Amino acid sequence: MLDKEAKIYIAGHRGLVGSAIVKNLKSKGYTNLIFRTHKELDLTDTLKVSQFFENEKPSYVILAAAKVGGIVANNTYRADFIYENLMIQNNVIHQSYKHGVKKLLFLGSTCIYPKNCPQPMKEDYLLTDTLEYTNEPYAIAKIAGIKMCESYNLQYGTNFISVMPTNLYGPNDNFDLEKSHVLPALIRKMHLGKALENDNWDAISSDLNTLPIEGVNGNSSRQDILSVLDKYGIKKKDHNIHLEIWGTGKPMREFLWSEDMADACVFLMKQRDFNDCYDQDNKEVRNTHINIGTGVDISIKDLAELIQQKIGFKGELYFNTEKPDGTLKKLTDPSKLHDLGWKHTVSLSQGIEQVYSWYTTKN
Ligand SMILES: NC(=O)C1=CN([C@@H]2O[C@H](COP(=O)(O)OP(=O)(O)OC[C@H]3O[C@@H](n4cnc5c(N)ncnc54)[C@H](OP(=O)(O)O)[C@@H]3O)[C@@H](O)[C@H]2O)C=CC1
Ligand SMILES: C[C@H]1O[C@H](OP(=O)(O)OP(=O)(O)OC[C@H]2O[C@@H](n3cnc4c(=O)[nH]c(N)nc43)[C@H](O)[C@@H]2O)[C@@H](O)[C@@H](O)C1=O
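Residues numbered from 1 in each chain as written. Chains lettered and ligands numbered in written order. Predicted model: local features only at pLDDT ≥ 70, side-chain atom pairs only at ≥ 80, totals over all residues. Heavy atoms only, no water.

An unreviewed UniProt entry lists the protein chain under the name GDP-L-fucose synthase, with Maribacter litoralis given as the organism.

(A) Molecular detail of the pattern of salt bridges. Taken as a whole and judged by the stated rule, the model has 16 salt bridges. In this structure, the salt-bridge partner of D263 is K28, at a minimum N-O distance of 2.7 Å. Residue D263 is found in helix α9 (residues 258-271), and its partner K28 is found in the loop between α1 (16-27) and β2 (33-34); the two are separated by 235 residues along the sequence. K28 gets classed as partly exposed once you look at its relative accessible area, which sits at 28%. A salt bridge links K103 to D273, with the shortest nitrogen-to-oxygen separation between them at 3.1 Å. In this pair, K103 sits in strand β4 (residues 103-107) while D273 sits in the loop between α9 and β11 (290-292), placing the two residues 170 residues apart along the sequence. Each of K7, R36 and E56 takes part in salt bridges that share partners, so that together they form one network. (Salt bridge = Lys/Arg side-chain N within 4 Å of Asp/Glu carboxyl O. Helix = DSSP H or I, 4+ residues; strand = E, 2+ residues; numbered from the N terminus. Buried < 20%, exposed > 50% of the residue type's maximum accessible area, 1.4 Å probe, protein only.)

(B) Region of interest: the UniProt feature "domain: NAD-dependent epimerase/dehydratase" (unreviewed entry) in the protein chain. Sequence positions flagged by UniProt for "domain: NAD-dependent epimerase/dehydratase" (unreviewed entry) are, in local numbering, residues 8-195 and 238-276. Overall, residues 8-195 shows 45% helix and 13% strand. The separation of its end C-alpha atoms is 43 Å. As annotated, residues 238-276 has a helix share of 36% and a strand share of 31%, and its two end C-alpha atoms lie 62 Å apart. (UniProt positions renumbered as here; feature names shortened; annotations may be inferred.)

(C) Expanded view of unusual backbone geometry. In this model, Q119 is joined to P120 through a cis peptide bond whose omega is -10°. As for its position among the elements, P120 is in the loop between β4 and α5 (136-156). For N172, which is not a glycine, the phi torsion comes out positive at approximately 65°. Tracing the sequence through the fold places N172 in the loop between β6 (167-169) and α6 (182-197). The class for N172 is partly exposed, based on a relative accessible area of 36%. One non-glycine residue with positive phi stands out, namely D199, at about 55°. Turning to its location among the elements, D199 is positioned in the loop between α6 and α7 (201-210). Residue classification places D199 among the exposed positions, given a relative accessible area of 52%.

(D) α6, seen in detail. With 16 residues, α6 extends 22 Å from end C-alpha to end C-alpha; this agrees with the ideal 22 Å at 1.5 Å per step. The buried fraction of α6 amounts to 13 of the 16 residues, a majority that puts the element mostly inside the structure. Where α6 ends, the next residue or the one after it, D199, has phi of about 55°, a positive value. (Expected span 1.5 Å × (residues − 1).)

(E) How the structure looks around the site of ligand 2. Close to ligand 2 lie 23 residues, the nearest being I71, S109, R253, P324 and D325. The separation between an oxygen atom of ligand 2 and a polar side-chain atom of N167 is 2.9 Å. Take K189: an N or O atom from its side chain is 2.9 Å from an oxygen atom of ligand 2. Protein contact buries 98% of the 700 Å² of open area that ligand 2 shows by itself. Elements with a minimum of two residues in the shell around ligand 2: α3 (71-76), α6 and β8 (240-246). The element that contributes the greatest number of residues to the shell around ligand 2 is α6, accounting for 4 residues. For the shell around ligand 2, a count of residues per class yields 11 nonpolar, 8 polar and 4 charged. (Near = heavy atom within 4 Å. Polar contact = N/O pair within 3.5 Å; in protein donor to acceptor, adjacent residues only side chain to side chain. Areas by Shrake-Rupley, 256 points an atom, 1.4 Å probe, with all protein chains shown as cover. Nonpolar A, V, L, I, M, F, W, Y, C, P; charged D, E, K, R; others polar.)

(F) Seen up close, the side chain of N287. Within the fold, N287 resides in the loop between α9 and β11. Within polar-contact distance, the side chain of N287 engages the side chain of D124 at 3.3 Å.

(G) Region of the structure containing the sheet that holds strand β3 (residues 60-63). The strand order across the open sheet formed by 6 strands is β2-β1-β3-β4-β5-β11, and the pairing between neighbours is parallel. Looking at strand neighbours, the two that pair on one side only are β2 and β11, the edges of this open sheet. As judged from the 4 bridges shared by β4 and strand β5 (residues 160-165), these two strands associate in the parallel manner. Bridging across to β5, F106 finds its partner in S162. (Pairing = 2+ DSSP bridges.)

Right, here's the structure in full:
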């Protein structure tokens, strides 16, 4: 199964997860990988996706393309999150069925579980209560993706499996200060905060030239840069830097290194078929998806202090409770995955060092 010459389409190959999956597959000797950037193939375009599958006829598909963002992006662009995600997954899953794809892996998210879910969250807790408001549209699209895979398997005999990863981080993450997830946002905020406290304008220019913020880049005036950083919660007060953490700092989150996530995906592509997921005699097939996580979580306050210590930023942290907390706890129960023989290898402490090293090399 999944021989080294198999034609595998990785949708979203430049993203956080997609790029790690490509790296993992290449390292294992897979040679026939195909990709398209968003610009080359908009996966919300049904006709173009159909033509792509007709021309390329991939044997395997890993669906890591999606509209993705942190808590504020999810809460603000609610229509885009539900529309784009439903369109992307409807097109890719349906065309995979139409063109005889042997196996597809769909990436969901642990936000599919109820807001006040019993902890740790088992796969069977799906659809047992109300969802978290801030990411409800995104979660509903992801639940539709799971049910689409299950339904196509049951009606058409396809082999489409789903995984529900916890919060991920690593190389090629999104470091936008407003739209990203907490871990990359705090890495960048503290990197800029440290540069500011050391009056290291070369580091600030280099960072802003790699990824401009709201119209300022590395060549903008210092006054303009200071005023934009202030707006994003990196505030210079006399000789001290005050750095904003969204919410109360009390929510707990679980973080998985993206390359571990990629390894779990490739492991499941090789080891797990839909037919292994359920009892053939059971007429009601539900919850065939698999959690991917570490089973360990940390409060946002402790995460911020850990990143602060790793980066060596000496300023003060303050909590902005005008910003949403989101779910208070969403810890996965990864025992289904552990029972299959896979476990993560990179700790949060190691991962933060690795991603910060990657971030500073890139700048
Ligand atoms: N990041 C996280 O913490 C988590 C992520 N997930 C899930 O994992 C998967 C991967 O996420 P992640 O790698 O973080 O996301 P990224 O935002 O890093 O990457 C998303 C990728 O999708 C592509 N893409 C987006 N929209 C389209 C479109 N309309 N047409 C074609 N391509 C498109 C982008 O292409 P391009 O680069 O060309 O713009 C990009 O490569 C997603 O399903 C996400 O929901 C689940 C839980 C947590
Ligand atoms: C992966 C998961 O990601 C999203 O859910 P989330 O876990 O709530 O997302 P998050 O990483 O943005 O925030 C985690 C916590 O951290 C706090 N927080 C502090 N300071 C910053 C900060 O500076 N930026 C961000 N983004 N959050 C911050 C923030 O207030 C929140 O309490 C889903 O919408 C959905 O996309 C999904 O599936």
